[in-house]
Amino acid sequence: MRITGARVFVGGPGKNYVTLKIETDVGVHGLGDATLNNRETLPAAYLRDYVVPNLVGMDPRRSEDIWQFLYRGAYFRRGPVAMAAFGAVDMALWDIKGKLAGMPVCDLLGGRSREGAMVYGHAAGADLEDLMDSVASHVERGYRAVRVQCAVPGMAGYAVPEARGGAGDFITDFGGIRSKVEAWDTGRYMRFMPGALAEIRARFGPELHILHDVHHRLLPREAAEFARAVEPVGLFWLEDPTPAEDQDALRIIRQHSTVPLAIGEVFNSIWDCNRLIEREQIDFIRVAATYAGGITHVRRIVDLAALHHVRTGFHGAPSHSPICMAAHAHLDVWAPNFGIQEWLVLGTPACDALFPTEHRVEDGMLRVSDAPGLGVEFDEREAARYEYRPGSHPVVRLGDGTLWNY
Ligand code: GCO
Ligand code: MG
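Please read all numbers here as calculations on a predicted model, not as lab measurements.

Caption draft 1: How the structure looks around the overall build of the chain. For the chain, the count of helices and strands is 13 helices and 16 strands. Its C-alpha radius of gyration of 20 Å places the chain within 12% of the 22 Å reference for a compact globule of 406 residues. Considered along the principal axes of its C-alpha atoms, the chain spans approximately 60 × 45 × 45 Å. Counting only residues that meet the buried cut, the chain has 58% of its 406 residues in that class. A sequence separation of at least 24 residues applies to 73% of the contacts in the chain between residues at least 6 apart. For the chain, the accessible area works out to roughly 15,900 Å², and carbon and sulfur atoms hold 51% of it. For the chain, the distance from the average position of its 42 positive side-chain charges to the average position of its 52 negative side-chain charges is 4 Å.

Caption draft 2: Spatial organisation of the coordination of the magnesium ion (ligand 2). The protein atoms that coordinate the magnesium ion (ligand 2) are Asp213 (OD), Glu239 (OE) and Glu265 (OE), at distances of 2.0 to 2.2 Å. Each donor residue of the magnesium ion (ligand 2) belongs to the same chain, and together they define the spacing D-x25-E-x25-E. Highlighted residues: Asp213 in strand 7 (residues 209–213) and Glu265 in the loop between strand 9 (261–263) and helix 9 (274–278), separated in sequence by 52 residues. On the accessibility criterion, Asp213 (1% relative accessible area) is buried. Among the residues examined, Glu265 registers a relative accessible area of 10% and is labelled buried.

Caption draft 3: Unusual backbone geometry, seen in detail. A positive phi is found at Arg78, a non-glycine position, where the angle reads about 65 degrees. Here Arg78 shows up in the loop between helix 2 (63–73) and helix 3 (80–101). Its identity as a non-glycine residue notwithstanding, His309 has a phi of 60 degrees, on the positive side. Position of His309 among the secondary structure elements: in the loop between helix 10 (294–307) and strand 11 (311–312). What makes His309 exposed here is its relative accessible area of 64%.

Caption draft 4: Seen up close, the packing of helix 7 (residues 220–230) against helix 8 (residues 248–256). Taken N-terminus to C-terminus, the directions of helix 7 and helix 8 make an angle of 35 degrees; their axes are 8 Å apart at the nearest point. Between helix 7 and helix 8 lies a crossing whose hand is right-handed. Residues Pro220, Ala223, Ala224, Ala227 and Arg228 of helix 7 lie in contact with helix 8, whose contacting residues are Ala249, Ile252, Ile253 and His256. Residue composition of the contact of helix 7 with helix 8, by class: seven nonpolar, one polar and one charged.

Caption draft 5: Structural detail: the sheet that holds strand 3 (residues 29–33). Spatial strand order, 1-2-3: three strands in an open sheet with antiparallel pairing. Each edge of the open sheet carries a strand with a single partner, namely strand 1 (3–10) and strand 3. With direction set aside, neighbouring strand axes in the sheet form an average angle of 20 degrees. Bridging between strand 1 and strand 2 (residues 18–24) involves seven bridges; their strand directions are antiparallel. For Ala6, the partnering residue across the bridge sits in strand 2 and is Ile22.

Caption draft 6: Quick look at the site of ligand 1. Taken together, 15 residues surround ligand 1, and among them Asn37, Glu265, Ser319, Glu342 and His393 come closest. A distance of 2.7 Å separates an oxygen atom of ligand 1 from a polar atom in the side chain of His215. His393 is positioned with one of its side-chain polar atoms (N or O) 2.7 Å from an oxygen atom of ligand 1. When ligand 1 sits alone it has 340 Å² of accessible area, and the protein chains cover 95% of it. Partitioning the shell around ligand 1 into residue classes produces two nonpolar, six polar and seven charged.

Caption draft 7: View of the sheet that holds strand 16 (residues 403–404). What the three strands build is an open sheet, ordered 6-15-16; its pairing is mixed. Two strands in the sheet have a free side with no partner beyond their single neighbour: strand 6 (181–183) and strand 16. The sheet contact formed by strand 15 (residues 395–397) and strand 16 spans two bridges and is antiparallel. Paired with Arg397 across the strands is Leu403, a residue of strand 16.

Rules of the game
Here, residues in each chain are numbered from 1, in the same order as that chain's written sequence. Lettering of chains starts at A and numbering of ligands starts at 1, both following the order in which they are written. Selection of residues for local features in this predicted model requires a pLDDT of at least 70, selection of side-chain atom pairs for listing and counting requires 80 or more, and totals for whole chains, interfaces and linings are taken over all residues. As a rule here, side-chain values come from all non-hydrogen atoms in the structure, and water together with hydrogens is ignored. Numbering goes from the N terminus for both helices and strands, where a helix is a DSSP run of H or I of at least four residues and a strand is a run of E of at least two. Both definitions apply: the radius of gyration is a C-alpha atom measure, and the globule rule equals 2.2 Å times residues to the power 0.38. For every residue, the accessible area obtained with a 1.4 Å probe (protein chains only) is divided by the maximum for its type, and the residue is called buried under 20%, exposed over 50%, and partly exposed between those limits. By definition in these notes, contact holds between two residues if any of their heavy atoms fall within 4.5 Å. Each accessible area is a Shrake-Rupley estimate made with a 1.4 Å probe; only the visible protein chains count as cover when residues are assessed. Under the convention used here, Asp and Glu are negative, Lys and Arg are positive, and both His and the chain ends fall outside the count. For this purpose, a charge sits on NZ of Lys, CZ of Arg, CG of Asp or CD of Glu. Excluding water, the donors of a metal are its N, O and S neighbours within 2.8 Å, or within 3.2 Å for Na, K and Ca, and that exclusion means sites may look incomplete. Lines fitted to the C-alpha atoms define the axes, with helices restricted to the stretch that makes contact. Angles between their N-to-C directions range from 0 to 180 degrees. We call a crossing left-handed when the near helix sits turned anticlockwise from the far one by less than a right angle, and right-handed when that turn is clockwise. Just so you know the grouping, Ala, Val, Leu, Ile, Met, Phe, Trp, Tyr, Cys and Pro go in nonpolar, Asp, Glu, Lys and Arg go in charged, and all remaining residues, Gly too, go in polar. Pairing between strands is defined by DSSP: at least two bridges between the two strands are required. We call a residue near a given molecule or strand whenever any one of its heavy atoms falls within 4 Å of it. In the analysis that follows, any N or O atom pair within 3.5 Å is treated as a polar contact, provided that within protein one partner can donate a hydrogen and the other can accept it, and provided that, for residues neighboring in sequence, both atoms belong to side chains.

Rendered as C-alpha cells:
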C-alpha cells in the first residue's frame, strides 16, 4: 500500500483552514489539519514544498515511522510551523488507518472510556452584564462549562474581539497583515476581574464550571496574587496566567494558591511540557493535535500527563479546523485522564458544509461518531468557494507604549 499524492487547501468560512488530503493506491484518503492561526500560509508551504514530495510512495500504515522520519529528518526540529505540518500528516494517516480497519480512531487508541466528553464554550462581554447574558445563553444551550472573558472598564479593546459577532465562533479578523493594537493595564485588570468572577459565580450557582484565560498577561508574582484572589470562586481552571516560556512562574503561583492551572496551547512538543508535568506544576495540559505533531505525539503527552494527575484540556479555539477537533474528540473519549474540551467550530452551516461530520455537542457533551477514521469529511466543491485572506493577531501595548504579551 502506498501514498499516491497529497494536496493542501487553504481557506474556509470566516477562517483560513489549512487542510491536507492524502490519497492512497487503495482508494482510501485521509484528512489532516495544519491551520496555524494567522500564519496559515507557512505550514501550507512546508507541506507542499518539503513534506508531500517525501510522502509519495510511503506506506500510509506506517504512521509511527513517518512521524519519526518527519521529525528527526527535519534536523531543525519542533516549532509551530513544522509541527503543524507534521500534525496534519499524522492525523490523515490515523484517518486512513481507521477507514482501512472500519473503526473510529478512538477504537484504535483503546476504545471509549466515557459516553461523551464535556466541552466548554466562550462567553464574553463588553461589560459584566453583557458577559452575564453571554454566560446565560451558554447555560440555556446546555453548556456545563464556560470560559468567561470580560472587557475591563477603562481598558480599550481588551477581550472585545471574541465578544463581537455573537457566539464568537470565528475570531479571525481578515483585516490584513498589520496588527491592530490593544491596550493592557494590569492594575485595572487585577482590580476588576476577581470581583467580576465572584459575581458570575453568585449569579449562576455552584454547579457551573467557570474557566478564565489570563492570556499570558501577568508577571509571576501578580499571577500568584490573582490566583489567591479568585480562589473563593472555585474556578475549573485559570489558564495561561503567565507567558508559557517561563515555567518557573507556575511554581511561584503554586506556592501561593490551589487554583487549578491550565497551560500549553502554544506548546509544540512533549519537550515543552514534560518538566511542568513531572513537577506537577499544572493541572491541565492544553496542547492541540495540530500544533503538537498530531495524534501520535499528543498521545505521548497524554500518557505522560496521566502519570502525574494532569488532565487534558485540548485547545479548541477556531484556530483549528473540524479535522483537528475530530482528532481531539477521539482522544477525549479515549484518554483516561481526560479533563475538558474547548469547543467552538462545529455546528455552523457553512462549516458543516465544508467539513461534514456526525460529531455533535448535546447538553454540553461531545458525542463522538462511530464513523470509521476521524469521522469528518472535506467537500472540495465547497472548498473552491474560499481563498486565503490575510489576517493577524492584535498586539498589546501598555499605557506608555511598551509592547506586552497578547
Ligand atoms: C483559547 C486561546 C485563544 C487564542 C487563539 C490565538 O484559550 O482559546 O487563548 O483565544 O487567542 O487561539 O490564535
Ligand atoms: Mg487560551
